[in-house]
Amino acid sequence: MSGRRRPLAARVSELAGPKVLQVDPQRPDPAAIAEAAQALRQGLLVAFPTETVYGLGAHALQPEAVARIYAAKGRPPDNPIIVHIGHPEELGAVAREVPPAARLLAARFWPGPLTLVLPRAPQVPDITTAGLDTVAVRMPAHPVALALIRAAAVPVAAPSANRSGSPSPTRAQHVLDDLGPLVDVVVDGGPCPVGVESTVLDVTGGEPVILRPGGLTKEALEEALGRPVRMGRGEELARSPGTRHRHYAPKAQVIIASRPQLGEVVRQLAQQGRRVGVIATRPLALPPGTLARLVGRGLRRYAHELFDALRELDALGCEIIVAEAVPERGLGLAIMDRLRRAAARPQ
Ligand code: TXA
Ligand code: MG
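Since the structure is predicted, the reported quantities are computational estimates derived from the model, not experimental observations.

Trainee: Whenever I open this one, the overall build of the protein confuses me. Can you help?
Mentor: Along the protein, the regular secondary structure elements total 12 helices and 15 strands. Relative to its length of 347 residues, the protein is compact, with a C-alpha radius of gyration of 20 Å against a globular reference of 20 Å. A principal-axis box enclosing the C-alpha atoms of the protein has dimensions of 60 × 55 × 40 Å. Sequence-distant contacts in the protein: of pairs separated by 6 or more residues, those separated by 24 or more amount to 67%. Just so you have it, the protein exposes about 14800 Å², and 54% of that area is on carbon and sulfur atoms. Put simply, the protein has 42 plus and 33 minus side-chain charges, and the middle of one group is 3 Å from the middle of the other.

Trainee: Any chance you could explain the pattern of salt bridges here in plain terms?
Mentor: One side chain can pair with another of opposite charge once the charged atoms of both are near each other. For the structure shown, the criterion picks out 22 salt bridges. The residue D133 makes a salt bridge to R96 at a minimum N-O spacing of 3.3 Å. Of the two residues, D133 is situated in the loop between strand 5 (114-119) and strand 6 (134-138) and R96 in the loop between helix 4 (91-94) and helix 5 (100-109); the sequence distance between them amounts to 37 residues. The exposure class assigned to D133 is partly exposed, which follows from its relative accessible area of 49%.

Trainee: Just checking my understanding: could you explain helix 11 (residues 299-315) for this structure?
Mentor: Residues spaced three or four apart along an α-helix point in a common direction, a consequence of the helix completing one turn every 3.6 residues. With 17 residues, helix 11 should cover 24 Å at 1.5 Å per step; its first-to-last C-alpha distance of 24 Å lies within 8% of that length. Within helix 11, 12 of the 17 residues are buried, which leaves the element mostly enclosed by the surrounding structure. Looking at helix 11, one finds that the buried residues are Y302, A303, H304, E305, L306, F307, D308, A309, L310, R311, L313 and D314. Against the buried residues of helix 11 lie helix 7 (172-179), strand 12 (253-257), strand 13 (276-280), strand 14 (291-294), strand 15 (320-324) and helix 12 (332-343). Trailing helix 11 by a residue or two, G317 shows a phi angle of about 85°, which is positive.

Trainee: Help me out: how do you make sense of the site of ligand 1 in this one?
Mentor: What surrounds ligand 1 is a group of 27 residues, the closest being T52, N79, H84, S198 and G242. Contact between ligand 1 and H84: an oxygen atom at 2.6 Å from a side-chain N or O atom of the residue. At 2.5 Å from an oxygen atom of ligand 1 is found a side-chain nitrogen or oxygen belonging to S198. Protein burial of ligand 1: of its 690 Å² of free accessible surface, 97% is covered by the chains. At 4 residues, strand 6 tops the list of elements feeding residues into the shell around ligand 1. Considering only residue class, the shell around ligand 1 consists of 12 nonpolar, 10 polar and 5 charged.

Trainee: In this structure, what is going on with the packing of helix 11 against helix 12? I would like to understand it.
Mentor: Relative placement of two packed helices is described by the angle separating their axes and the distance separating the axes. One way to put it is that helix 11 packs onto helix 12 with a least axis distance of 9 Å and a crossing angle of 30°. In terms of orientation, helix 11 and helix 12 fall into the roughly parallel class. The hand of the helix 11/helix 12 crossing is left-handed. Contact residues: L299, Y302, A303, L306 and F307 in helix 11; G332, I335, R338 and L339 in helix 12.

Trainee: Please explain the nonpolar core as it appears in this structure.
Mentor: Nonpolar side chains tend to gather and get buried jointly when the protein is soluble and globular. In terms of nonpolar packing, the biggest core is built from 47 residues, with L56, L105, W110, L114, L116, L201 and L221 touching the most fellow members. At 5 residues, the largest contribution of residues to this core is made by helix 3 (residues 63-73). Ranked by size, the runner-up nonpolar core spans 24 residues in total, among them V53, I321, A323 and A334.

Trainee: Would you take a moment to explain the packing of helix 5 against helix 8 (residues 218-225) for this structure?
Mentor: Axis separation between helix 5 and helix 8 bottoms out at 10 Å; the angle between their running directions is 120°. For the element pair helix 5 / helix 8, the angle class is oblique. Relative to helix 8, the crossing made by helix 5 is right-handed. Facing helix 5, whose interface residues are A101, L104, L105, R108 and F109, helix 8 presents A220, L221, E223, A224 and L225. In terms of residue class, the contact of helix 5 with helix 8 is made up of 8 nonpolar, no polar and 2 charged.

Trainee: Mind showing me how you'd approach the sheet that holds strand 13 here?
Mentor: Pairing between the strands of a sheet comes from backbone hydrogen bonds, and it takes one of two forms, parallel or antiparallel. A sheet is described by the order of its strands in space; here 4 strands give the open sequence 12-15-13-14, paired in parallel fashion. With one partner strand each, in any of the chains shown, strand 12 and strand 14 form the two edges of the open sheet. The mean angle between the axes of side-by-side strands here comes to 20°, regardless of whether they run parallel or antiparallel. In this structure, strand 13 lies alongside strand 14, joined through 4 bridges in parallel fashion. When the sheet's bridge partners are listed, A280 is paired in strand 14 with L294. Sitting on the sheet, helix 10 (residues 259-271) touches strand 12, strand 13 and strand 15, and the angle it makes with strand 15 is about 170°.

Trainee: What exactly am I supposed to notice about helix 12 here?
Mentor: Between its terminal C-alpha atoms helix 12 stretches 16 Å, which fits the 16 Å expected from 12 residues at 1.5 Å a residue. Within helix 12, 10 of the 12 residues are buried, which leaves the element mostly enclosed by the surrounding structure. Regarding helix 12, the residues found buried are G332, L333, A334, I335, M336, D337, R338, L339, R341 and A342. Buried positions along helix 12 lie against strand 10 (209-212), helix 8, strand 11 (230-231), strand 12, helix 11 and strand 15.

Trainee: Looking at this model, I keep getting lost on the pairing of strand 15. Mind explaining?
Mentor: Of all 5 residues in strand 15, 5 are buried, a share of seventy percent or more. Where burial is concerned, the two faces of strand 15 agree: the one with I320, V322 and E324 and the one with I321 and A323 are both buried. Pairing of strand 12 with strand 15 involves 5 bridges; the strand directions are parallel. In the strand pairing of strand 15, I255 is matched with V322. Strand direction decides the pairing type here: strand 13 and strand 15, joined by 4 bridges, are parallel. Counterpart to I279 in the pairing with strand 15 is A323.

What counts as what
Residues numbered from 1 in each chain as written. Chains lettered and ligands numbered in written order. Predicted model: local features only at pLDDT ≥ 70, side-chain atom pairs only at ≥ 80, totals over all residues. Heavy atoms only, no water. Helix = DSSP H or I, 4+ residues; strand = E, 2+ residues; numbered from the N terminus. Rg over C-alpha atoms; globule rule 2.2 N^0.38 Å. Contact = heavy atoms within 4.5 Å. Areas by Shrake-Rupley, 256 points an atom, 1.4 Å probe, with all protein chains shown as cover. Lys, Arg positive; Asp, Glu negative; His and termini not counted. Charge placed at Lys NZ, Arg CZ, Asp CG, Glu CD. Salt bridge = Lys/Arg side-chain N within 4 Å of Asp/Glu carboxyl O. Buried < 20%, exposed > 50% of the residue type's maximum accessible area, 1.4 Å probe, protein only. Expected span 1.5 Å × (residues − 1). Near = heavy atom within 4 Å. Polar contact = N/O pair within 3.5 Å; in protein donor to acceptor, adjacent residues only side chain to side chain. Nonpolar A, V, L, I, M, F, W, Y, C, P; charged D, E, K, R; others polar. Axes fitted to C-alpha atoms, helices over the stretch in contact; angles between N-to-C directions. Parallel < 35°, antiparallel > 145°, perpendicular 65-115°, else oblique. Left-handed = near helix turned anticlockwise from the far one by under 90°. Core = buried A, V, L, I, M, F, W, Y, C linked by side-chain atoms within 4.5 Å. Pairing = 2+ DSSP bridges.

Right, dumping it as structure tokens:
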């Protein structure tokens, strides 16, 4: 360890590992929530469940606390962090201006898996938004996340609680596997219900643009706004640096195959002697030795299981994971986005 002085709490946790607080996901124990909230206020790192994935939380207005998020995740410094609030009225404390479309969407979909990109208020430090003039804000729906943010009574910066680039964590064990001693407190509220991250929507321009498809569907946004909403492209995505980096990737190589091709792709790889894992919606005939993770029918089931499946097949030593493609509508847009990023080769 270097000679630099670090806060006692941080050093103790590095030796002892994080404090894990088990809570009921629907009715979290107020004493456990108060303890985790106190840690957040003191500038410590607290991982907690949201309805999408586990977040790695820190006091969003304390630059030193947010710096610890980047260090723990190994996150590129140009990738801004979502600020989580406990009440829609707190939007005014982090955003300089709230356009009418943003107001409408917040009223309709918060709490929930929608992140709004808005002009940044001056009190949000540079490090939280990676120097951008905008801030991404969301009010999560998970009872544990809401209770924690409200008890902390501060805006909470929280990216997904994984090592940068690896699949997002949907269970407390994933957080411990990836970050372990680098986190001070882990609030374990069981598996995350949605399983893919929030939809990131830029509402700073004339028309709303989806920067990342996620747990709230494009169709739901279009219905609420009464107009088509398009996906961001090129320059627009440069404003959402997270979309530039390779993401969600297990150690294994990922291949996407349509249902009719799935069996044949697996058979060919198995014939070459590769250790293959399959993510499929329902059973199929497979060569002996193939590891299969059946996620069940329906996009909701697939989204719920996706990251855990990638992590599990990795842990079982698969060299290649063949994942069943789904139609790109509803949650299928987010599922295919994550699969494509997982399948991208390192640059
Ligand atoms: O569901 C979620 O959104 C989870 C939970 C914990 O809330 N959080 C999450 O955070 O997925 P993270 O850091 O893994 O992904 C945030 C994404 C990144 O792609 C980042 O580049 C983008 O949001 N983002 C953050 N602030 C932004 C901003 N000001 N402008 C554009 N994109 C932004
Ligand atoms: Mg992430």
